[in-house]
Amino acid sequence: EDEDDEDDEIFQKYKQQTLDLIKNSLPTYGRFYRVMRESFISETESEHELVHVVVHLYENHIPACIRLNLILEDIAPQFSHVKFIRCRSKDLVDSFSAIALPMLLVYRGGKVIHTLPQVSKHFPRKWEDKDVVKFLAQKGILNEAIYKVPARTQKQKRLEKEY
């Protein structure tokens, strides 16, 4: 039995080293930024095959889009191996229907793996960072265990009042 425990320990150590090696070979991002139509394909389809690219399609006049932009800006630094970008829907498709907004597209290995129109419908009434993290974790995109609720910022105070 001691041998089994020792084997388990060796295996766990090996597993952790392998995970660390993979994690350290992935590109890091840690920010949320806007992309334009010209760079959309290269930004979404040319990433490492293990990297999730979370795209927020939005319009500035829609309160739920503003709220999601503020939240993604706050959570992006905590998930540095996930690429978070935003693109105005009209910048991408001239005739895009605002009824689908806010919309998240999730890419991995250059392919869309999730299309989530009206994503705010999946959140509680007064949704915040943790609700978005939980939703994306349920989809296998984020690791909820590493998320730490940030200290209250001016942005969060604004969220409470305006959106």
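Reading the values: rules and limits
Residues numbered from 1 in each chain as written. Predicted model: local features only at pLDDT ≥ 70, side-chain atom pairs only at ≥ 80, totals over all residues. Heavy atoms only, no water. Salt bridge = Lys/Arg side-chain N within 4 Å of Asp/Glu carboxyl O. Helix = DSSP H or I, 4+ residues; strand = E, 2+ residues; numbered from the N terminus. Expected span 1.5 Å × (residues − 1). Buried < 20%, exposed > 50% of the residue type's maximum accessible area, 1.4 Å probe, protein only. Pairing = 2+ DSSP bridges. Axes fitted to C-alpha atoms, helices over the stretch in contact; angles between N-to-C directions. Right-handed = clockwise from strand over helix to strand, strands pointing away. Phe/Tyr/Trp six-rings, centres within 6.5 Å; stacked < 30°, edge-to-face > 60°.

1. Thoughts on the pattern of salt bridges
Charged atoms that come close allow side chains of opposite charge to pair. Under the defined criterion, the tally for this structure stands at 7 salt bridges. Of the charged contacts, one joins D94 and R37 as a salt bridge, the two residues approaching to 3.1 Å between their closest N and O atoms. With D94 in the loop between α4 (89-92) and β4 (103-108) and R37 in helix α2 (residues 37-45), this pair connects stretches of sequence that are 57 residues apart. Close ionic contact of E43 with K83 constitutes a salt bridge, the shortest N to O distance being 2.6 Å. Linking E43 in helix α2 with K83 in strand β3 (residues 82-88), this pair joins segments that are 40 residues apart in sequence. Each of E43, E47 and K83 takes part in one network of salt bridges that share partners.

2. What to know about helix α3 (residues 63-75)
With 13 residues, α3 ought to run about 18 Å at 1.5 Å a step, and its terminal C-alpha atoms sit 19 Å apart, in line with that. For α3, a buried count of 11 out of 13 residues is recorded, marking the element as mostly surrounded by other parts of the structure. All of the buried residues in α3 are A64, C65, I66, R67, L68, N69, L70, I71, L72, D74 and I75.

3. Some details on the sheet that holds β3
Taken together, the 5 strands give an open sheet; going across it, the order is β1-β3-β2-β4-β5, and neighbouring strands pair in mixed fashion. Across the chains shown, the open sheet's two edge strands, defined by having one partner strand only, are β1 (32-34) and β5 (111-116). Across this sheet, the average inter-strand angle for adjacent strands is 25°, counted without regard to direction. As paired strands, β1 and β3 are joined by 3 bridges and run parallel to one another.

4. Quick word on the pairing of β3
Along β3, 6 of the 7 residues are buried, which leaves the element largely enclosed by surrounding structure. Relative to β3, strand β2 (residues 52-58) is paired through 7 bridges, and the arrangement is parallel. Residue pairing for β3: Y58 is matched across the bridge by R88. Taking the sense of rotation as the criterion, the β-α-β connection linking β2, α3 and β3 turns out right-handed.

5. Examining the packing of aromatic side chains
Tallied over the full model, the rule gives 4 aromatic pairs. Arranged with centres 6.5 Å apart and planes meeting at 10°, the rings of F79 and Y147 form a pair that is stacked. On the criterion of sequence distance, the pair formed by F79 in the loop between α3 and β3 and Y147 in the loop between α5 (129-138) and α6 (154-162) is long-range, its members being 68 residues apart. Between F123 and W127, the ring centres sit 4.9 Å apart and the planes meet at 35°, which makes this aromatic pair tilted. Here F123 falls in the buried class, since its relative accessible area comes to 9%.

Honestly, that's just the spatial picture; any functional story needs more than this.
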